[in-house]
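# Summary of structural features
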Amino acid sequence: MSSLWVLDEPSPAPDARIAYGPGPHHFGELRLPSGPGPHPVVVVVHGGFWRAKYDLAYMGHACAALTASGFATWSLEFRRIGHEGGGFPGTFEDVALGADHLRALAGAHSLDLSRVVFMGHSAGGHLALWLGARHRLPGRGVLCRGNPLRPRGVVALAAVSQLPRAHELRLSDGVVESFMGGTPEALPVPYSLASPSALQPLGLPQVLIHGVEDDTVPVAMSEDFCVRGRSLGDDVRAVSLAGAGHFEIVDPRSREWPGVAEAIRSLM
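All figures in this text were calculated on a predicted structure; none of them were measured in a lab. (Residues numbered from 1 in each chain as written. Predicted model: local features only at pLDDT ≥ 70, side-chain atom pairs only at ≥ 80, totals over all residues. Heavy atoms only, no water.)

So, on to the nonpolar core. W50, W74, F92, L102, F118, W130 and M180 are the most contacted members of the largest nonpolar core, which totals 56 residues. Here this core gets six residues from one element, more than from any other, and that element is helix α5 (residues 123-132). Beyond its immediate chain neighbours, meaning those up to four positions away, M180 contacts F88, F92, L163, L187, P190, Y191 and A194. Within the second largest apolar cluster, 30 residues are counted, among which are M59, L157, F247 and V250. (Core = buried A, V, L, I, M, F, W, Y, C linked by side-chain atoms within 4.5 Å. Buried < 20%, exposed > 50% of the residue type's maximum accessible area, 1.4 Å probe, protein only. Helix = DSSP H or I, 4+ residues; strand = E, 2+ residues; numbered from the N terminus. Contact = heavy atoms within 4.5 Å.)

In total, this model carries six aromatic pairs according to the counting rule given. With centroids separated by 5.0 Å and ring planes inclined at 75°, the aromatic side chains of F92 and W130 adopt a geometry described as edge-to-face. Taken as a pair, F92 in helix α3 (residues 90-100) and W130 in helix α5 lie far apart in primary sequence, 38 residues in all. On the accessibility criterion, W130 (0% relative accessible area) is buried. (Phe/Tyr/Trp six-rings, centres within 6.5 Å; stacked < 30°, edge-to-face > 60°.)

Bringing the packing of α3 against α5 into the picture now. Where α3 meets α5, the closest approach of the two axes is 10 Å, and the angle between their N-to-C directions is 65°. Read as a crossing pair, α3 and α5 show a hand that is right-handed. Here α3 contributes T91, F92, V95, A96 and A99 to the contact with α5, which in turn contributes H126, L127, W130 and L131. (Axes fitted to C-alpha atoms, helices over the stretch in contact; angles between N-to-C directions. Left-handed = near helix turned anticlockwise from the far one by under 90°.)

At their nearest, the axes of α3 and helix α4 (residues 102-109) sit 5 Å apart, and the two run at 25° to each other. Of the possible angle classes, the one that applies to α3 and α4 is roughly parallel. Where α3 abuts α4, its residues G98, A99 and D100 lie against L102, R103 and A104. Among the residues forming the contact of α3 with α4, the class breakdown is three nonpolar, one polar and two charged. (Parallel < 35°, antiparallel > 145°, perpendicular 65-115°, else oblique. Nonpolar A, V, L, I, M, F, W, Y, C, P; charged D, E, K, R; others polar.)

Following this line, the structure appears as structure tokens:
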């Protein structure tokens, strides 16, 4: 069965949809496992090459599966290309605000903030890695927020981990230039703040999982990111899945999914 069903089949409803900011795209979906808690949390960031036409709905299947396995999930929506303020820096500001909002939710929903993992798919994998690296940002930089929430680690699925390389490859019809507002040559400082590869070593455990047959984001992007991270002393590993494409790793019915869940569990 094709894993593209996750794009079309409605996912189980969340326990709550909660605003983390003032705008229509500033919300997250919270799902809670049974039992009293405190619950470990997976912060989930969806893909779609940062474009407005792709939202968090397709990641609901993965979120529901993780919640059934005992994890609370906090799936973020955010402004994207086509929304006012979307792209750089607004998209980054949004996911940072959304991730940090876990602190406001923890008490009422019995969330264990000492056991948080960030997980993202595709462009969301880029944002999940970036969220994990925020403590590496310069103190006066445009994207700096004081005291960012620190996860135990990051699980990045088919991640766009290297923005300059993604621009060079013209992924998704050159979307990186639209997302960033220009080329790496024209905007070296924004790219240095926005690309996880520019922030290595990230200083926390990372697992990058990628299908070898992925024709949307090449597997070499994850493999090269891991090689560079390890050379800089990071605890980072690549898991390249033979026969898998872009969506199997977010499909809880796939043979690849148990490995994704285990990667999360290993970081908790």
